[in-house]
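# Structural features, examined
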Amino acid sequence: MNANRKPAAFRLDGAETDKNPKPAGKEKRAPRAIRDETAIQVSITEDASFDQEIAALDTPSEPPGSGRRIKIGAIFFGATGLFLSLAIGLWVEGIITDFFARAPWLGWLATGLAATAGLALFALFIRELLALLRLSSVETLRVRAADISSRGDLPGARRLVGDLVTFTRDNPSTARGRKVLSELQDDIIDAADLIGIAERELFSGLDQQAKDLVMQSAKRVSVVTAVSPRALIDVGFVLFEAGRLIRRISLHYGGRPGTLGFFKLIRDVAAHLAVTGSIAVGDSLIQQLVGHGLAAKLSARLGEGVVNGLMTVRIGIAAMETARPLPFKAVNRPGVSEFLSNLAGSAATKNEKE
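A few points on the structure.

Where helix H5 (residues 175-184) meets helix H6 (residues 191-227), the closest approach of the two axes is 7 Å, and the angle between their N-to-C directions is 155 degrees. It follows that H5 is roughly antiparallel to H6 by the angle criterion. Touching Arg176, Gly177, Arg178, Val180 and Leu181 of H5 are Ile197, Ala198, Glu201 and Leu202, all from H6. When its residues are assigned to classes, the contact of H5 with H6 shows five nonpolar, one polar and three charged.

This part takes up the nonpolar core. Counting 43 residues, the largest nonpolar core has Ile249 and Tyr253 as its most contacted members. Here this core gets 13 residues from one element, more than from any other, and that element is H6.

A separate point is the packing of aromatic side chains. Per the counting criterion, the structure on display carries four aromatic pairs. Plain terms: the ring middles of Phe203 and Tyr253 are 6.5 Å apart, the flat faces sit at 45 degrees to each other, and that makes the pair tilted. Here the residue Phe203 occupies a position in helix H6, and Tyr253 occupies one in the loop between helix H7 (231-252) and helix H8 (259-276), the gap between them amounting to 50 residues. The aromatic ring of Phe262 is capped on one face by Arg247, whose charged end is 4.7 Å from the ring centroid. Above the plane of the ring of Phe328 lies Arg324, whose end atom (NZ or CZ) is 4.0 Å from the centre.

Taken as a whole and assessed by the stated rule, the structure comprises twelve salt bridges. Across the salt bridge formed by Glu128 and Arg127, the nearest N and O atoms sit 3.9 Å from each other. Two residues, Lys264 and Asp268, come together in a salt bridge whose shortest N-O distance is 3.2 Å. Placement of the pair is Lys264 and Asp268 together in helix H8, with a separation of four residues, close to one helical turn. Several salt bridges share partner residues, and in doing so they unite Asp147, Arg151 and Asp153 into one network.

Criteria and thresholds
Residues numbered from 1 in each chain as written. Predicted model: local features only at pLDDT ≥ 70, side-chain atom pairs only at ≥ 80, totals over all residues. Heavy atoms only, no water. Axes fitted to C-alpha atoms, helices over the stretch in contact; angles between N-to-C directions. Helix = DSSP H or I, 4+ residues; strand = E, 2+ residues; numbered from the N terminus. Parallel < 35°, antiparallel > 145°, perpendicular 65-115°, else oblique. Contact = heavy atoms within 4.5 Å. Nonpolar A, V, L, I, M, F, W, Y, C, P; charged D, E, K, R; others polar. Core = buried A, V, L, I, M, F, W, Y, C linked by side-chain atoms within 4.5 Å. Buried < 20%, exposed > 50% of the residue type's maximum accessible area, 1.4 Å probe, protein only. Phe/Tyr/Trp six-rings, centres within 6.5 Å; stacked < 30°, edge-to-face > 60°. Lys NZ or Arg CZ within 6 Å of the ring centre and 35° of its normal. Salt bridge = Lys/Arg side-chain N within 4 Å of Asp/Glu carboxyl O.

Here it is as structure tokens:
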């Protein structure tokens, strides 16, 4: 035996060995989670069903009878209209029969008059329908212009300009603009620029004339309400002048409203005023008047006339935006401040004369 042998470790048979021996040449593996595919599938199925249940709870349930409900109001007005039509028909038939009983020529005369009245009523209906379609085409052109400008659709812009030229061909004020557009339409390659040129060439002159109409109407309202002795007269004249101004502006832009179309136009102007907000008659208006150095010159009555005139101006601007076939983009939108100096100046002149 060698007494100088270095100490060494020996494995004895039957001794406990390492239960998880490390493989030779490999580093220790980092711990990781073991995925159970069965559990994953089960959890996915459970989550999907849970989401469906939540979606079913979040979906608002329709109230009872909210599907195809029978509208009692529509039935009432429809039945009433048919009943009145039958009653009028029987009334006319009875009158014509009585005239025939008296004399045949009276019966034929009554028949001819009834037929004439029926044809006139039908023609009136057609005219009102065409007026409504004309107003609808104005709104359609305005919506198309905004959509084409946002999308940059050049073919659509050229078709729109063609429709605008056709729409304004009966107005002699647009003759020069229509000629310019016919010469330049093929040279413009940007949709927004083409619509902007059409707006300036076709509607710049019309806008100025419409402003003159608004200014004249506002001056009339300002003078009449300043000298009228009764508040009821003020209200009546303001309503009358506002209605006439709305009709004149619509005719000026080519709308041609009839009776039903006029009421629809009033509703649209009122809705536009509700959206944009009416003028503030208060401290802001007083500050504007003081800024023009006219507060000391205006009496209380003339001040009320100026306020009513500015209300008429606001209605006129809303009517311009409603009746105009194109929205204000290339041309500046008119504002109340453009009319304020003229109204206040005329009121001050009126006060000095008195």
